[in-house]
Amino acid sequence: MKEVMTYACRLLARREYAIEELRRKLEAKWPQGEGVEEAVDRLVKEGLVSDQRFAQSFVRSRIAKFQGPRKIRAELFRRGVSEAAICSALDAGEHSWVELATDWLARQGADLANYETRAAFYRRLANRGFTHEQAMDALDRSQRPGRVPGQGV
């Protein structure tokens, strides 16, 4: 188990991991599972690995990349984070998803006056993980004359 703990600590020194993500990584290196569960349990008890902390860090990093809540939720779920931790991380913070989408549109410098361009940017927002309502609100806000990015409504 000492070798498993050492490897796990080296992994955690580089970045945060979700509990299940760390378990999978350790089981890939030790397929027989010798010491993996004990190591993960010990790391959780000592507070060295936490789904809540991982989810918060992950959400912050994805917001910085202008990704929406649907895409972030799906990725966290894929990494084995619990629904409660996902909801808590997405609801925490001072971010507005519509404002994030609006700022992303402003960075694109698109002229949203014609329907085809507007439809293309709607699809791009949806692919970035924004809901229909968030994408439509962002498109409407971006089309207003005199809007300054990052200045809210």
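**Section: the pattern of salt bridges**
Phase 1: If you walk through the whole model with that rule in mind, you get twelve salt bridges.
Phase 2: Residue Glu46 pairs with Arg42 through a salt bridge whose shortest N-O separation is 2.9 Å.
Phase 3: Owing to a relative accessible area of 43%, Glu46 belongs among the partly exposed residues under this scheme.
Phase 4: Between Arg73 and Glu83 there is a salt bridge, and its shortest N-O distance comes to 2.5 Å. With Arg73 in helix α5 (residues 69-78) and Glu83 in helix α6 (residues 83-91), this residue pair connects regions lying ten residues apart in the sequence.

**A closer look at the packing of helix α1 (residues 2-14) against helix α3 (residues 36-45)**
Phase 1: Two numbers describe how α1 lies on α3: the axes approach to 9 Å, and their chain directions differ by 50 degrees. Compared by their axis directions, α1 and α3 come out oblique. Considering the relative orientation of α1 and α3, their crossing is right-handed. Taken together, the residues of α3 that come into contact with α1 (itself represented by Val4, Met5, Ala8, Cys9 and Leu12) are Val36, Ala39, Arg42 and Leu43.
Phase 2: Looking at side-chain class alone, the contact of α1 with α3 contains eight nonpolar, no polar and one charged residues.

**Notes on the nonpolar core**
Looking at soluble globular proteins, one finds that nonpolar side chains tend to be buried together.
Phase 1: Membership of the largest hydrophobic core comes to 26 residues, with the highest contact counts inside it found for Val59, Ile72, Leu76, Val81, Trp97, Leu105 and Leu125.
Phase 2: Once residues lying within four places of it in the same chain are set aside, the contact partners of Val59 are Ile72, Leu76, Ala89 and Leu90.

**Some thoughts on α1**
Phase 1: For α1, built from 13 residues, the straight-helix expectation of 18 Å at 1.5 Å per residue is met to within 8% by its first-to-last C-alpha distance of 19 Å.
Phase 2: Those residues of α1 lying buried are Val4, Met5, Tyr7, Ala8, Leu11 and Leu12. One side of α1 holds all its buried residues, which, seen down the axis, span an arc of 165 degrees. Across α1 from its buried face, at more than 90 degrees, point the exposed residues Lys2, Glu3, Ala13 and Arg14.
Phase 3: Contacts from the buried residues of α1 go to α2 (19-29) and α3.

Reading the values: rules and limits
Each residue is numbered by its place in its chain's sequence as written, counting from 1. Confidence filtering applies because this is a predicted model: local features only for residues at pLDDT of at least 70, side-chain atom pairs given and counted only at 80 or more, and all residues used for totals across whole chains, interfaces and linings. Hydrogens and water molecules were not included; the side-chain quantities draw on all heavy atoms of the structure. Within this document, salt bridges are pairs made up of a side-chain nitrogen of Lys or Arg and a carboxyl oxygen of Asp or Glu, the two lying within 4 Å of each other. Buried residues are those whose accessible area, probed at 1.4 Å on protein chains only, stays under 20% of the maximum for their type, while exposed residues exceed 50% and partly exposed ones sit between those limits. A run of DSSP states H or I qualifies as a helix once it reaches four residues; a run of E qualifies as a strand once it reaches two. Both are numbered from the N-terminal end. Each axis is a line fitted through C-alpha atoms, taken for helices only over the stretch in contact, and angles between the N-to-C directions span 0 to 180 degrees. Any angle from 65 to 115 degrees is called roughly perpendicular, while one under 35 is roughly parallel, one over 145 is roughly antiparallel, and all others are oblique. For any helix crossing, the convention is left-handed if the near helix is rotated counterclockwise from the far helix by under a right angle, and right-handed if that rotation is clockwise. Should any heavy atoms of two residues lie within 4.5 Å, those residues are considered in contact. When residue character is reported, Ala, Val, Leu, Ile, Met, Phe, Trp, Tyr, Cys and Pro are called nonpolar, Asp, Glu, Lys and Arg charged, and the others, Gly included, polar. Remark: nonpolar core denotes a set of buried residues (Ala, Val, Leu, Ile, Met, Phe, Trp, Tyr, Cys) joined through side-chain atoms within 4.5 Å. Multiplying 1.5 Å by the helix residue count minus one yields the expected span of that helix. Here the arc refers to the directions that run from the helix axis out to each C-beta atom.

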